[in-house]
Amino acid sequence: MTEEKQPDTGGSAMGVGLFVRPESEDGMSSGDIIAIVVSCLWLAMAGAFWFFVGRGTGTDGPLGSLMVLVAIALPVALIWVAAITLRTARQMRSESRRLQAAIDSMRHAYINQAQASVARPSMEKRLDEIAMATRQTESAVVTFTSSRDAGMKPATLLPAATQTAPEEEQPALAFGPEAGLTAAPVPSADFIKALNFPDSPTDKDGFRALRAALEDHAMAKLIRAAQDTLTLLSQDGIYMDDLKPDRARPELWRRFAQGERGRPIAALGGVRDRSSLALTAGRMRQDTIFRDAAHHFLRQFDKTFAGFEKTATDQEIAALAETRTARAFMLLGRVAGIFD
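Residues numbered from 1 in each chain as written. Predicted model: local features only at pLDDT ≥ 70, side-chain atom pairs only at ≥ 80, totals over all residues. Heavy atoms only, no water.

**As for helix 6 (residues 217–234)**
In an α-helix, one full turn covers 3.6 residues, which means residues spaced three or four apart are oriented alike.
Consideration 1: Over its 18 residues, helix 6 extends 26 Å from the first C-alpha to the last, a length consistent with the 26 Å expected when each residue adds 1.5 Å.
Consideration 2: Taking burial as the measure, the 18 residues of helix 6 include 14 buried ones, the bulk of the element.
Consideration 3: N-cap assignment for helix 6: the residue whose side-chain oxygen lies 3.1 Å from the backbone N of Ala218 is Asp216. (Helix = DSSP H or I, 4+ residues; strand = E, 2+ residues; numbered from the N terminus. Expected span 1.5 Å × (residues − 1). Buried < 20%, exposed > 50% of the residue type's maximum accessible area, 1.4 Å probe, protein only. Polar contact = N/O pair within 3.5 Å; in protein donor to acceptor, adjacent residues only side chain to side chain.)

Below, the structure is given as C-alpha cells:
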C-alpha cells in the first residue's frame, strides 16, 4: 500500500488555491504600470516634438490635425491593447491551474470511493472466514480439553513446578489498526488552524499546522473529507470566505457535540446566503459523488468535533466555528436538514 504524500509548502498536494476566491484583478498590476509609464513617455515625446518641431510642418489644417492626433493616440492604444492581452492571458493561466487542481481532487475522491467499495466486500468476506476459523478452533479446543479431562490425574498429583509455573504473557503483535498511531497529541490551536487550511502557498504557519494535524488519524480523516468537499463546492463558485454566517454560542456547539439535533440547535446553521444554499441543494440532489462526499464530511465532522469538545474551551470552540471547515458544515448541515 502506498503512503499518501504529505502537503508541501507549495500548496499543490492539498489544492489550497481552490478554497480561496481568486485574487481580484481590479488593482494595478506590473503590466498596467509599465503601460502607464510607456504611454506617458510617448505623450511627452510627442508633445515635445510638436512644440519644438511640428509647428512649421504644415499641419495646421483639419486633416493635418487629425493625422497628428492619430499619430499620437495610435501607439498609446496599441500599448494598452498589449497590456490588456497580458492581463487576460494571466487570468486564463490562473483559471487553468485551478481547473487542473479541481480535476485532480475529483479524481482522487473518485478513486478513494471506488477502492472503498471494492475493498468492503472482500474485507467482510475475510472477517467471516476469520470468525468461522475461530469457532472451529474453539470447538476443537473444547473437544480436546474434554477428552483430556477424563484421563487426567488430580491436580494434587501434578509436579509442583507444573502447578506454580506462571504463564508467560504473549507479546502484543503490532498488526492492529492502532499500531504506529502513537504520535504526540496535536495542540488545539494547530487543529483549528488546519481546519481553516492555508490561506496561500506561502502560508508556512498554516502548512505546519496542517502537517501536524495529518499525523493524527482521526483529524486526518476529517481534513481530507473537508478538502474534497471544499473542492467540489468551489467548482460552483461557492467559497467559504464569502459566507458570513451568524455566530452561535459555544453552549450550542457543546449541545450538538453531546448528540442534540433539530430545532434547539438551529442557530448553528447560520449561513443565510440564498444563492449558495440553492446551488448546494441542487447539486446535492443531482450529483451522487457530491452527495456522498458531503455526507461523509458531515459524519467525520460530527465524530471529530464530539471528541474535540470534551477538552476544548469556549474560546477554542468559537475559533473553530470561524474556520472554513466549520462554515462548510453549517452550509451542508442546513441543506441536509440537520437543524430541522
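**As for the side chain of Asp32**
Consideration 1: By the element assignment, Asp32 lies in helix 1 (residues 30–52).
Consideration 2: A relative accessible area of 9% means that Asp32 is categorised as buried.
Consideration 3: Side chain to side chain, Asp32 and Arg87 meet in a polar contact 2.4 Å long.

**As for helix 9 (residues 288–309)**
Consideration 1: Spanning 22 residues, helix 9 covers 31 Å between terminal C-alpha atoms, matching the ideal 32 Å at 1.5 Å per step.
Consideration 2: Every buried residue belonging to helix 9 is among Phe290, Ala293, Ala294, Phe297, Leu298, Gln300, Phe301, Thr304, Phe305, Phe308 and Glu309, and all of these are buried.
Consideration 3: The N-capping residue of helix 9, defined by a side-chain oxygen 3.1 Å from the backbone nitrogen of Ile289, is Asp287.

**Notes on the pattern of salt bridges**
Consideration 1: For the structure shown, the criterion picks out 16 salt bridges.
Consideration 2: One salt bridge connects Arg87 with Asp32, and the closest N-O pair in it is separated by 2.4 Å. In this pair, Arg87 sits in helix 2 (residues 62–151) while Asp32 sits in helix 1, placing the two residues 55 residues apart along the sequence.
Consideration 3: Arg87 gets classed as partly exposed once you look at its relative accessible area, which sits at 21%.
Consideration 4: Asp287 serves as the salt-bridge partner of Arg283, at 3.2 Å between the closest nitrogen and oxygen.
Consideration 5: A relative accessible area of 12% places Arg283 in the buried class. (Salt bridge = Lys/Arg side-chain N within 4 Å of Asp/Glu carboxyl O.)

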